[in-house]
Protein chains: 2
Amino acid sequence: METIVIVGVGLIGGSFALALRHAGFSGKIIGVSSPRTTDEALRLGVIDQTLSLEQAVPRATLVYLAHPISRILEILPSLDPLLRPGTLLTDAGSTKSVIVRRAAQTIHQAQFLGGHPMAGKETRGVAAAEPGLFHGRNYFLTPLDPSHLETPAARFFLNCIRNIGAIPRIVSPEKHDRLVAFVSHLPQLISTALAACLAEHPEVEDFPIAAGPGLLDSTRLAMSPYEIWSDILSTNVDQIATALTSFVDKLNAFRASLSSTSVETQFQLAARFSKSLRQDSP
Amino acid sequence: METIVIVGVGLIGGSFALALRHAGFSGKIIGVSSPRTTDEALRLGVIDQTLSLEQAVPRATLVYLAHPISRILEILPSLDPLLRPGTLLTDAGSTKSVIVRRAAQTIHQAQFLGGHPMAGKETRGVAAAEPGLFHGRNYFLTPLDPSHLETPAARFFLNCIRNIGAIPRIVSPEKHDRLVAFVSHLPQLISTALAACLAEHPEVEDFPIAAGPGLLDSTRLAMSPYEIWSDILSTNVDQIATALTSFVDKLNAFRASLSSTSVETQFQLAARFSKSLRQDSP
């Protein structure tokens, strides 16, 4: 019987457990988290059992690290002596290069495979977990070598991903980080910069009553807490800098030719792309 | 009895008419537009009557220009000979300096008062008009001198604005254009630039399946048609350039210190501002 150990039973870890159950997984799901969280997870039926890290990890077919990035980096060295051969260790951190590199240095007893489910919502914590969170979402896997996906434990994990309705996407850690720098980290920084820019603009003070829907859309990401972003920004500095440069170049080009036909072409390209995003989305 | 002449019976002009009726306006509402539009407006009960510009304007207490900016600029000179003293001519264009300047040069027979209701929605045309469109929204008025608001016709128009539930905001044309450059034109260009930047990024091609809600929010404005924005951009070049510079400076500062505490402070400022926008909104 397979045993899945979820380390960090919050929104992502809890939703992964619920999704597996929903998909008919009949093995055991053990949660490792603070007592308050595991009590709630047990009460909500998200996990079957709670154990200490030391007790849980040696029993695992799959260890699923759903902590924030900095905690994953901290915990990796202490996991190695607990792992048994044949176990797959994976994580759900939002950046991959730093984690994969650290795992390569510290995990020797079992296989590590980096992952990143592109799923989430505004509310955090196990109470917000839901079985459909991953449905139709990309699930990035970042093996250092494609053969790493062929082990029994990796095949089991790939099946889990497919069974919960997510779409496995195989990319290198570097390519993953470049991609999310553009499609996730850049939009976040843009929204934060816009809101900060407006907050500091003296004339906007009189204004905020009745912001239109466009301004509300543009500043929604800016409400994200820094605690989530701190780790992401500090572990993807170079790729984010590249994305920012590319975006700033675009804005500078707009500024240089505001009423030119080149801006018209850009509006058309942008509208086409934005519509295609919506056709492709679930 | 008051007579209101709406020139350009689309979403804004039509909604202004419907809102007035809803608020108990008992005078006459005459529409000037293409035959197809006025037929529809009559059928929908948006206007009482349709006449040519030459027939309608001399009868008006208030002439409400709800055309796009470039059409307003074109039509102003031909309106002057039709206006009678005591009439108020106003417009609903999204930028004000150029229009107000052109009106000062061309309108001599009656009073001109620039206006801009901060209301709209994705669908255009009279069929999309609704009486509640202005409710709770800012309605900018840009007199060249505060005394211009004290004439009987201006007082009548101010009452109309209040009666339809909008909030009159008195600012100079320049201040208006500076403000909307930041809160409206900048968010539009950011969204367009982001979508164009992603569309041109080779690695995003594999990706667009399952864009997250953050990316969807960030690219919603990018679907706006260029036809609406062409006039706005070309009549507010300097203020938009200033807003772009201020925003680009902010992004460059982020890039220079991605994992510093100054970015943390900016996240907190941005989150506070974005939440306050939501508290103030209707």
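All figures in this text were calculated on a predicted structure; none of them were measured in a lab.

J.: Can you explain the overall build of chain A? Please cite residues and give values.
T.: Within chain A, the secondary structure is distributed over 11 helices and 8 strands. Taken over the C-alpha atoms alone, chain A extends approximately 65 × 40 × 35 Å along its principal axes. Evaluated residue by residue, chain A yields a buried proportion of 58% over its 282 residues. Within chain A, contacts between residues separated by at least 24 positions form 72% of all contacts whose residues are at least 6 apart in sequence. A total of about 11,100 Å² of accessible surface is found on chain A, and carbon and sulfur atoms cover 51% of it. Mean positive and mean negative side-chain charge positions of chain A (24 and 25 charges, respectively) differ by 7 Å.

J.: So what about the relation of the copies chain A and chain B? Which residues, and what values?
T.: Superposition record for chain A on chain B: RMSD 0.0 Å, screw rotation 180°, translation along axis 0.0 Å. Those values place the two copies in the arrangement expected of a two-fold rotation axis. Judged by C-alpha distance, D217 of chain A is the residue of chain A that lies nearest the rotation axis, at 2.6 Å. Most of the interface of chain A is mirrored in chain B, where 100% of its interface residues again form contacts.

J.: Talk me through the interface of chain A and chain B; I want residue IDs and the actual numbers.
T.: Facing the 83 residues of chain A at the interface are 83 residues of chain B. With both sides pooled, the region where chain A packs onto chain B buries about 8,100 Å², and carbon together with sulfur makes up 72% of that total. Where chain A touches chain B, the interface holds 4 salt bridges. Taking the shortest distance from any N to any O, the salt bridge between E200 of chain B and K250 of chain A comes out at 2.6 Å. Counting across the interface, chain A meets chain B through 16 residue pairs in polar contact (both at pLDDT 80 or more). At the level of elements, β7 (138-141), β8 (167-170), α7 (173-199), α8 (213-218), α9 (226-234), α10 (237-256) and α11 (261-280) of chain A are the ones that each hand at least two residues to the side of chain A that touches chain B. Top contributing element to the side of chain A that touches chain B by residue count: α7 of chain A, with 18 residues. By residue class, the composition of the side of chain A that touches chain B is 49 nonpolar, 19 polar and 15 charged.

J.: Hey, could you go over the nonpolar core for me, with residue numbers and the actual values?
T.: Side chains of nonpolar character tend, in soluble globular proteins, to be buried together. F247 of chain A together with F247 of chain B are the most contacted members of the largest nonpolar core, which totals 132 residues. If we skip the residues at most four places from it in the chain, F247 of chain A touches L186 and I190 of chain A together with I190, A193, L194, C197, F247 and L251 of chain B. Core analysis: the next-biggest nonpolar cluster, separate from the first, contains 38 residues, I4, V126, A129 and C160 of chain B among them.

J.: I'd like a rundown of the environment of A153 of chain A, residues and numbers included.
T.: Residue and element names in this part refer to chain A. Note on placement: A153 falls in helix α6 (residues 152-163). Judged by relative accessible area, A153 falls into the buried class, the value being 9%. Placed 91 residues apart in sequence, A153 and L62 show a C-alpha to C-alpha distance of 7.2 Å. Setting aside residues no more than four positions away along its own chain, A153 makes contact with T61, G86, T87 and L88.

J.: An account of the packing of aromatic side chains is needed here, citing residue identities and associated values.
T.: Residue and element names in this part refer to chain A. Taken as a whole, this structure holds 17 aromatic pairs over all chains when the rule is applied. Each ring, one from F16 and one from Y64, has its centre 4.0 Å from the other, and the planes form 10°; the classification is stacked. Of this pair, F16 sits in helix α1 (residues 11-22) while Y64 sits in strand β4 (residues 62-65), and the two are 48 residues apart along the sequence. Grouping residues by exposure puts F16 and Y64 together as buried. Where F25 meets F156, the ring centres are 6.3 Å apart and the plane angle is 50°; that geometry is what we call tilted. Within this pair, whereas F25 is found in the loop between α1 and β2 (28-32), its partner F156 is found in helix α6, the two being separated by 131 residues in sequence. What links up through ring pairs into an aromatic cluster is the set F16, Y64, F134, Y139 and F157.

J.: An account of the environment of R155 of chain B is needed here, citing residue identities and associated values.
T.: Residues and elements named next belong to chain B. Position of R155 among the secondary structure elements: in helix α6 (residues 152-163). A relative accessible area of 46% means that R155 is categorised as partly exposed. With residues near it in sequence (within four places) discarded, R155 still touches L149 and E150.

J.: Please give an account of the pattern of salt bridges that cites residues and values.
T.: Enumeration according to the criterion identifies 16 salt bridges over all chains in this entry. One salt-bridge network, held together by shared partners, links D217 and R220 of chain A together with D217 and R220 of chain B.

J.: Requested: an account of the side chain of T106 of chain A, with residues and values cited.
T.: All names here are of chain A. Within the secondary structure layout, T106 lies in helix α5 (residues 97-106). Exposure remark for T106: the relative accessible area of 17% places this residue in the buried category. One polar contact links the side chain of T106 to the main-chain carbonyl oxygen of R102, over a distance of 2.8 Å. Sequence-distant contacts of T106, defined by excluding residues within four places in its chain, comprise L76, P77 and D80.

J.: So, the packing of helix α4 (residues 69-79) of chain A against α5 of chain A: which residues are in play, and what are the values?
T.: Residues and elements named next belong to chain A. Here α4 crosses α5 at 5°, and the two axes come no closer than 9 Å. Taken together, the axes of α4 and α5 are roughly parallel relative to one another. Within the contact between the two elements, α4 uses I69, I72, L73, L76 and P77 and α5 uses V98, I99, R102, A103 and T106. Within the contact of α4 with α5, the residues separate by chemical class into 8 nonpolar, 1 polar and 1 charged.

J.: Which residues make up the pairing of β4 of chain A, and what are the values?
T.: Residue and element names in this part refer to chain A. Side chains L62 and Y64 project from β4 onto one buried face, and the interleaved V63 and L65 project onto a second face that is buried too. Sheet topology note: the strand β1 (residues 3-7)/β4 ladder contains 4 bridges and is parallel. From the neighbouring strand, I6 faces β4, where its bridge partner is Y64. Across 4 bridges, β4 lies against strand β5 (residues 88-91) in parallel orientation. Directly across from Y64, in β5, lies its bridge partner T90. On the question of chirality, the crossover connecting β4 to the parallel β5 by way of α4 is right-handed.

J.: Tell me what's going on with the pairing of β8 of chain A, and back it up with residues and numbers.
T.: Side-chain positions along a regular strand alternate between the two faces of the sheet. Residue and element names in this part refer to chain A. Across 4 bridges, β7 lies against β8 in parallel orientation. Residue pairing in the sheet places L141 in a bridge with I170 of β8. Handedness of the crossover is the feature at issue here: the chain leaves β7, passes through α6, returns alongside β8, and the resulting connection is right-handed.

J.: Please set out the sheet that holds strand β4 (residues 62-65) of chain B residue by residue, giving values where relevant.
T.: Residues and elements named next belong to chain B. Taken in spatial order, the 8 strands of this open sheet run β3-β2-β1-β4-β5-β6-β7-β8, and their pairing is mixed. The sheet terminates laterally at β3 (49-50) and β8 (167-170), the two strands that pair on one side only. Together, β1 (3-7), β4, β5 (88-91), β6 (111-117), β7 (138-141) and β8 form the strand contacts of α6, whose direction differs from that of β7 by roughly 165°.

Parameters and conventions
Residues numbered from 1 in each chain as written. Chains lettered and ligands numbered in written order. Predicted model: local features only at pLDDT ≥ 70, side-chain atom pairs only at ≥ 80, totals over all residues. Heavy atoms only, no water. Helix = DSSP H or I, 4+ residues; strand = E, 2+ residues; numbered from the N terminus. Buried < 20%, exposed > 50% of the residue type's maximum accessible area, 1.4 Å probe, protein only. Contact = heavy atoms within 4.5 Å. Areas by Shrake-Rupley, 256 points an atom, 1.4 Å probe, with all protein chains shown as cover. Lys, Arg positive; Asp, Glu negative; His and termini not counted. Charge placed at Lys NZ, Arg CZ, Asp CG, Glu CD. Least-squares fit on C-alpha atoms with pLDDT ≥ 70 in both. Buried area = accessible area lost by both parts, 1.4 Å probe. Salt bridge = Lys/Arg side-chain N within 4 Å of Asp/Glu carboxyl O. Polar contact = N/O pair within 3.5 Å; in protein donor to acceptor, adjacent residues only side chain to side chain. Nonpolar A, V, L, I, M, F, W, Y, C, P; charged D, E, K, R; others polar. Core = buried A, V, L, I, M, F, W, Y, C linked by side-chain atoms within 4.5 Å. Phe/Tyr/Trp six-rings, centres within 6.5 Å; stacked < 30°, edge-to-face > 60°. Axes fitted to C-alpha atoms, helices over the stretch in contact; angles between N-to-C directions. Parallel < 35°, antiparallel > 145°, perpendicular 65-115°, else oblique. Pairing = 2+ DSSP bridges. Right-handed = clockwise from strand over helix to strand, strands pointing away.

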